[in-house]
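Listed below are the residues making up each chain.
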Amino acid sequence: MYKLEKRPNPSNLWAYLTPFLALIATMIAGGIMFWMLGKPPVDAIRTIFWDPLFNEQFAAYSRPQLLVKAAPLILIAIGLSIGFKAGVWNIGAEGQYVIGALCGAAVALAAYPLEAWWIFPAMVTAGAVGGFIWAMIPAILKIKLGTNEILVSLMLVYVALELLSSMSVGVLRNPDGNGFPGSRNLQQYASAHNAEIWQGSSVHWGVVAAFSAVVLAYVLMSKHRLGFQIKLAGAAPKAARFAGVNPHVITAVCLGISGALAGMAGMFEVAGPAGQVSIDFASGYGFTAIIVAFLGRLNPWGILAAGLLMSLTYIGGELAQFIIGLPASAISAFQGMLLFFLLAGELLVNYRIRRAAPRTVKEAV
Amino acid sequence: MILRRTLLAAAATALALTSGAFADGHEKLKVGFVYVGSIGDGGWTYEHNQSRLAVDEAFGDKVETIYQESVPEGADAERVMTQMALSGAKLIFTTSFGYMDPTINVAAKFPDVKFEHATGYKTADNVSTYSARFYEGRAVQGHIAGKMTKTNKIGYIASFPIPEVIRGINSAYLHAKRVNPDVEFNIIWAFTWEDPAKEADAAKTLIEQGADVILQHTDTTAPLTVAAENEGVIGFGQASDMAQFKDGPRVSSIIDNWAPYYIDRVKAVMDGTWETVQTWDGIDTGMVEIGEITDRVPADIKAEAEAMIEAMRTGAYHPFTGPINKQDGTPWLADGEVADDGTLAGMSFYIEGLTGDIPQ
């Protein structure tokens with residue numbers, strides 16, 4: 001007989017090991033799934049994890065694309081992780097991402113066709129402020145009325161999506177677009193274009209922002225007093241209150257930071273890879289970032305790695321679809337497995353498996 | 001002399017390229033397809049995929065087709081197309097309006113790869129566009145719907161407020177109103193191409209509001225499933241025949257048949273005769289087909305509908321023939337005047353009689 005026993009302290013060894021074990025378990029279970037679909041399992045796994053990085057045909061293009069795809073995930077996840085540490089659950093990053101994109105694009109479209117150096121910085125600021133304000137709605141409602149920020153922030157996603165639709169066919173619509181929805185393409189507007197910084201690298205300012213956010217979050221959480229207060233508020237709310245930490249301030253700070261970062265991510269996306277405000281601009285980064293935050297164990301460096309891994313499964317998954325003919329849903333299931341095994345592995349961090357002493361005959365009698 | 005030499009050189013190069021690519025019979029032409037929905041949607045993407053299979057069938061081992069389904073419109077689409085081009089695809093069909101700018105961007109990076117973008121309006125040296133005159137099919141639907149409705153209420157599930165969809169609404173309304181002056185259109189904008197739950201909700205709402213005919217411009221069979229649950233409600237197959245509902249609510253359908261076009265374009269690339277074109281075909285070339293009108297439609301109405309189809313096939317009848325006013329009452333087409341393609345392509349207004357506003 002085996003039983004689970006709670007560890008007195010979470011195991012550091014397992015905390016480092018489980019992501020790798022989860023990855024291996026996903027490859028095995030995913031391989032079985034691919035095999036059952038009648039596809040070569042080893043080829044499929046290799047296409048997903050190896051080809052984007054090392055296949056000579058694709059790698060030169062895919063490697064920088066990993067950064068492009070990972071940047072918004074990392075930027076949003078970093079913000080979310082700070083809140084999650086404090087027990088402030090911002091589930092609505094997708095909405096803040098959309099509002100940030102709308103505000104950033106609106107600044108650019110208002111300035112069009114003026115070319116000036118200040119337009120791009122103004123867009124970044126507008127994106128951050130837009131996301132910040134959108135996140136302040138659940139923050140203020142929670143502080144003033146005690147509402148649940150999970151529900152409010154989530155519901156605001158749908159409000160944001162409606163606004164996005166309305167803006168793409170209304171105010172922000174391209175006047176030269178023959179009546180089709182969608183704004184002007186910012187890629188064709190030099191002052192507003194979040195272009196690649198080095199020729200051929202695909203690396204845009206969002207990637208730089210994502211890496212900076214990782215470093216800043218690390219400094220904030222491990223070196224700064226505010227970081228300590230945030231962690232304390234999450235781990236022991238009562239103790240935090242005795243220590244003079246104002247929970248309202250923590251709520252506002254956490255939602256504000258995550259909202260601003262999500263808004264910036266949206267702005268970098270709309271001005272760069274996406275190019276325009278369109279009805280289906282939102283592609284779920286705000287929700288996937290929640291997975292990335294937990295995959296990275298709410299640790300900035302972990303999130304960096306998790307964001308890159310997640311984007312690898314996306315890009316490798318795309319390759320596997322048209323090279324091997326895997327259905328899109330099999331790739332989603334594969335990503336789901338990764339999260340499943342990771343959460344299952346969490347058990348080993350907090351619990352250990354002990355052999356229960358067999359019940360003796362005497363006891364049984 | 002110089003000119004002649006250049007021509008000869010060009011011919012020699014072309015010959016070398018052709019023989020290098022196809023002479024040994026092992027080099028296949030790789031053709032890529034980018035789909036917005038899943039190939040199992042039973043509608044739009046399903047038909048594109050059927051036409052892809054027709055390409056496979058027509059060319060056998062001379063082609064290799066690859067595809068990717070459920071590709072979001074935007075940055076992801078651009079990457080998918082780039083990867084397809086990197087993998088050696090020489091012809092790529094991008095099958096949704098939202099792929100327009102990504103297609104143009106990627107095409108600029110791969111001048112030797114040909115691109116075909118469905119339902120868009122931007123072209124380049126290596127980008128053609130193609131679409132079908134679905135509004136011809138909508139005219140037939142409108143006629144049948146106007147004749148068949150008992151409640152005089154027709155429900156319309158619209159996707160996005162783009163000209164193609166608005167054209168369809170106008171065409172259906174025009175022809176329903178012509179045979180039934182009391183007819184009313186209720187329009188729900190779903191803001192999605194493929195979302196069975198949303199489409200089903202829209203159908204339920206429309207039926208609750210009294211509609212007994214459901215027209216849809218979304219891609220799945222969900223609205224027909226809802227119609228099947230409601231006595232006396234009829235609908236039409238959209239993009240695909242949706243023949244599995246023939247015994248139930250489906251009385252006819254608009255079928256997008258891309259196969260002849262796809263085969264034609266693949267052949268053009270193989271022969272080296274591919275040129276940029278803007279194709280907009282209708283019932284006449286078979287790109288738009290009207291699925292079998294079932295016996296649920298009385299024989300006289302069926303005969304009228306078939307006569308209309310025939311008139312459109314021969315070009316004798318254009319669905320947008322005046323007199324037609326715009327929604328605000330201002331004249332659009334004078335008596336006997338036929339709409340020009342430019343206005344139709346960018347149509348962003350309702351015609352007179354339709355209520356409500358196009359979402360802004």
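Remember, predicted model here, so these are calculated numbers, not experimental data.

On to the packing of helix α9 (residues 225–235) of chain A against helix α11 (residues 247–271) of chain A, then. Residue and element names in this part refer to chain A. The N-to-C vectors of α9 and α11 enclose an angle of 110°; their axes lie 11 Å apart at closest approach. Overall, the two elements α9 and α11 adopt an arrangement that is roughly perpendicular. Along its contact with α9, which presents Gln229, Ile230 and Ala233, the element α11 presents Pro247, Ile250 and Cys254. For the contact of α9 with α11, the per-class residue count stands at 5 nonpolar, 1 polar and no charged.

On to the sheet that holds strand β5 (residues 127–132) of chain B. Backbone hydrogen bonds hold the strands of a sheet together, and the pairing may be parallel or antiparallel. Here we have 6 strands laid out as an open sheet, ordered β2-β1-β3-β4-β5-β11 (chain B), and parallel in their pairing. A single partner strand is all that each edge strand has here, and the edge strands are β2 (63–68) and β11 (278–281) of chain B. Put simply, the sheet's adjacent strands are angled 15° from each other on average, direction ignored. Sitting on the sheet, helix α13 (residues 300–324) of chain A is in contact with β1 (29–34) and β2 of chain B, with an inclination near 145° to β2 of chain B.

This part takes up the interface of chain B and chain A. On the chain A side, the residues contacting the 33 residues of chain B number 28 residues. Put simply, the parts of the chain that give the side of chain B that touches chain A at least two residues each are β2 and α3 (75–86) of chain B. Here the residues of the side of chain B that touches chain A sort into 16 nonpolar, 12 polar and 5 charged.

All names here are of chain A. In contact at an axis separation of 8 Å, helix α1 (residues 12–36) and helix α2 (residues 41–49) are set at 125° when each is read in the N-to-C sense. Regarding the angle of α1 to α2, the classification is oblique. Considering how the two elements wind past one another, α1 and α2 form a crossing that is right-handed. Packed against α1, whose contacting residues are Met27, Gly30, Gly31, Phe34 and Trp35, the element α2 presents Pro41, Ala44 and Ile45 at the interface. Looking at the contact of α1 with α2 residue by residue, the classes come out as 6 nonpolar, 2 polar and no charged.

On to the UniProt feature "domain: ABC transporter substrate-binding protein PnrA-like" (unreviewed entry) in chain B, then. In the numbering adopted here, UniProt assigns the feature "domain: ABC transporter substrate-binding protein PnrA-like" (unreviewed entry) to residues 29–296 of chain B. Annotated as residues 29–296 of chain B, this span is 38% helix and 24% strand, and its ends, taken at the C-alpha atoms, are 46 Å apart.

All names here are of chain A. With 8 of its 11 residues buried, helix α12 (residues 285–295) lies for the most part within the structure. Looking only at α12, the buried set comprises Tyr285, Gly286, Thr288, Ala289, Val292, Ala293, Phe294 and Leu295. On its buried face, α12 is in contact with α4 (59–85), α5 (93–111), α11, α13 and α14 (328–350).

Attention now moves to the environment of Pro52 of chain A. With respect to the helices and strands, Pro52 of chain A occurs in helix α3 (residues 51–54). Residues within four places of Pro52 of chain A in sequence aside, it is in contact with Phe58, Ala59, Ser62, Leu66, Leu312, Ile315, Gly316 and Leu319 of chain A.

On to the pairing of strand β2 (residues 351–355) of chain A. All names here are of chain A. Taken across its 5 residues, β2 has 0 buried, putting it largely on the surface. As paired elements, strand β1 (residues 2–6) and β2 share 5 bridges and run antiparallel to each other. Within β2, the residue paired with Tyr2 across the bridge is Arg355.

Conventions and cut-offs
- Residues numbered from 1 in each chain as written.
- Chains lettered and ligands numbered in written order.
- Predicted model: local features only at pLDDT ≥ 70, side-chain atom pairs only at ≥ 80, totals over all residues.
- Axes fitted to C-alpha atoms, helices over the stretch in contact; angles between N-to-C directions.
- Helix = DSSP H or I, 4+ residues; strand = E, 2+ residues; numbered from the N terminus.
- Parallel < 35°, antiparallel > 145°, perpendicular 65-115°, else oblique.
- Contact = placed C-beta atoms within 7 Å.
- Nonpolar A, V, L, I, M, F, W, Y, C, P; charged D, E, K, R; others polar.
- Pairing = 2+ DSSP bridges.
- Left-handed = near helix turned anticlockwise from the far one by under 90°.
- UniProt positions renumbered as here; feature names shortened; annotations may be inferred.
- Buried ≥ 20, exposed ≤ 12 C-beta atoms within 10 Å, placed from the backbone.

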